[in-house]
Amino acid sequence: MKLENADLSSLFSNTLLPDIFFSEYLSEASGDFIKVYLYMFFLSKYDKDIKINDLSKKLVLPVKTIQDAVKYWEEKCLITKKNTGYIINSIQEIELHKLYKPKTALSAEQLQKSAENQKRAKAIEFINNKYFSGLMPTTWYPEIELWFKKYDFDEEVMIALFGYCFDKSALHKNYVQTVAEAWSKNHIKTFNDLDVYYEKQEKLNIIAKNISKKLRLSRALTQYEYGYIEKWVIDYSYGMDIIEIALKRTTAKANPTFDYLDKLLTDWHERGFKSTDDVQTFLTSMKEKNKNIKNLEKQTGYNKYEQRAYDNLDNLYANIKNPDDRKD
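Now for a quick tour of the structure. (Residues numbered from 1 in each chain as written. Predicted model: local features only at pLDDT ≥ 70, side-chain atom pairs only at ≥ 80, totals over all residues. Heavy atoms only, no water.)

### Quick look at the pattern of salt bridges
(1) Moving on: Using the criterion set out here, one finds nine salt bridges in the structure.
(2) Moving on: Between Glu155 and Lys119 there is a salt bridge whose closest N-O contact spans 3.8 Å. Linking Glu155 in helix 9 (residues 155-167) with Lys119 in helix 7 (residues 115-131), this pair joins segments that are 36 residues apart in sequence.
(3) Moving on: Lys263 is paired through a salt bridge with Asp259; the nearest N and O atoms lie 2.8 Å apart. Of this pair, Lys263 and Asp259 both sit in helix 14 (residues 258-270), four residues apart, which is roughly one turn of the helix. (Salt bridge = Lys/Arg side-chain N within 4 Å of Asp/Glu carboxyl O. Helix = DSSP H or I, 4+ residues; strand = E, 2+ residues; numbered from the N terminus.)

Okay, here's the thing in structure tokens:
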């Protein structure tokens, strides 16, 4: 394939790569993909004719990786496929087009600064100074405006969003978008909503740590196990006090599972239990019924066959099988 450079002014011995490549593309691409692009960019200055296999040998990368890299940069519009090869497009022209195109669609009314627009402008300026040291790439501006409209975040939430991603050392668009999507699904619009969400998460994390400690788990919880705890705490509104009652019922199990715990807690939730008193009253009642049944059996000899006493709590929960207790 032949490589040509659309920027005909690049006729010098140095390979000049625009700064916008580092601010907009570097953090999102894999190391191998960057390696392929840089070498293609270098070769394009000399109109070199090179094959995929040659690139594979030169860069010591599998042919599949070269092909995936070329496809990736095509999708990013940094290269364009031709019959004879590829054109390495001008990054500055691409970004200029992105900035110019949305502005042409704005009406005079939309451009008029309102109190809301001024607040947003101040929020964006704060984000620029705080998290980009005043050097935020221009392509971030329309993205932030889009997130304001799409998620209906207030200014404090938008600033908090960037602060969260900055603290995670993941200040790139895909990650910010993912976090924004998650916050939106949790109905976060105002800073008060965010505060309530953080409180729930903190409570959830504390309970998750307590459960891990009680079960003596020396590993991190899986996504599915954490999902169970979210259901108990958020959907059922159960605190550690009720969950601990369920945990105590696993002491007879060699390998208690979250599935077993979930069946207990779901049963209590479906019975409408909302407090430890509700649960303890139920357990005491079932224990008393079980005692009465055993006494009756002794007096009447009515124990010639096995009964399925579902009012008996032990029998009821004995039917909840622990997967790890099953025999092959």
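Anyway, onward from the coordinates.
### Examining the packing of helix 3 (residues 52-59) against helix 4 (residues 63-75)
(1) Moving on: Interaxial distance between helix 3 and helix 4 falls to 9 Å at its minimum, and their mutual angle equals 110 degrees. When the axes of helix 3 and helix 4 are compared, the pair comes out roughly perpendicular. As for how helix 3 packs across helix 4, the hand of that crossing is right-handed. The residues of helix 4 that touch helix 3, namely those facing Ile52, Asn53, Leu55, Ser56 and Leu59, are Val63, Ile66, Gln67 and Val70. (Axes fitted to C-alpha atoms, helices over the stretch in contact; angles between N-to-C directions. Parallel < 35°, antiparallel > 145°, perpendicular 65-115°, else oblique. Left-handed = near helix turned anticlockwise from the far one by under 90°. Contact = heavy atoms within 4.5 Å.)

### Some thoughts on helix 9
(1) Moving on: Compared with the 18 Å implied by 1.5 Å per residue over 13 residues, the 19 Å span of helix 9 between its first and last C-alpha is a close match.
(2) Moving on: Within the span of helix 9, buried status applies to Glu155, Val157, Met158, Ala160, Leu161, Phe162, Gly163 and Cys165.
(3) Moving on: The opening residue of helix 9, the one whose side-chain oxygen lies 3.2 Å from the backbone nitrogen of Glu156, is Asp154.
(4) Moving on: Trailing helix 9 by a residue or two, Ser169 shows a phi angle of about 55 degrees, which is positive. (Expected span 1.5 Å × (residues − 1). Buried < 20%, exposed > 50% of the residue type's maximum accessible area, 1.4 Å probe, protein only. Polar contact = N/O pair within 3.5 Å; in protein donor to acceptor, adjacent residues only side chain to side chain.)

### Remarks on the nonpolar core
(1) Moving on: Of all hydrophobic cores here, the largest spans 28 residues; its most connected members are Phe21, Tyr37, Leu55, Trp73, Leu78 and Ile79.
(2) Moving on: The residues contacting Leu78, other than those within four sequence positions of it, are Phe21, Tyr25, Tyr37, Trp73, Ile87, Ile88, Asn89, Ile91 and Ile94.
(3) Moving on: Judged by nonpolar contacts, the second largest core, of 27 residues, contains Leu204, Tyr238, Met240 and Phe258. (Core = buried A, V, L, I, M, F, W, Y, C linked by side-chain atoms within 4.5 Å.)

### So, the packing of aromatic side chains
Geometry of an aromatic ring pair is reported as the spacing of the ring centres plus the angle between the planes.
(1) Moving on: All chains considered together, the criterion is met by 23 aromatic pairs.
(2) Moving on: Measuring from ring centre to ring centre gives 5.2 Å for Phe33 and Tyr72, while their planes differ by 45 degrees; the resulting arrangement is tilted. Of the two residues, Phe33 sits in helix 2 (residues 31-44) while Tyr72 sits in helix 4, which places them 39 residues apart along the sequence. We note that Phe33, like Tyr72, is buried.
(3) Moving on: Summarising the aromatic geometry, the rings of Tyr37 and Trp73 are spaced 5.0 Å apart at their centres and angled 40 degrees between planes, so their arrangement reads as tilted. Residue Tyr37 is located in helix 2, and its partner Trp73 is located in helix 4; the two are separated by 36 residues in the primary sequence.
(4) Moving on: Residue Tyr37 is classed as buried on the basis of its relative accessible area, which comes to 0%.
(5) Moving on: Here a set of aromatic residues connected by ring pairs shows up, and it is made of Phe21, Phe22, Tyr25, Phe33, Tyr37, Phe41, Tyr72 and Trp73.
(6) Moving on: When the ring centre of Trp140 is taken as origin, the NZ or CZ atom of Lys173, which lies over that ring, is 5.7 Å away. (Phe/Tyr/Trp six-rings, centres within 6.5 Å; stacked < 30°, edge-to-face > 60°. Lys NZ or Arg CZ within 6 Å of the ring centre and 35° of its normal.)

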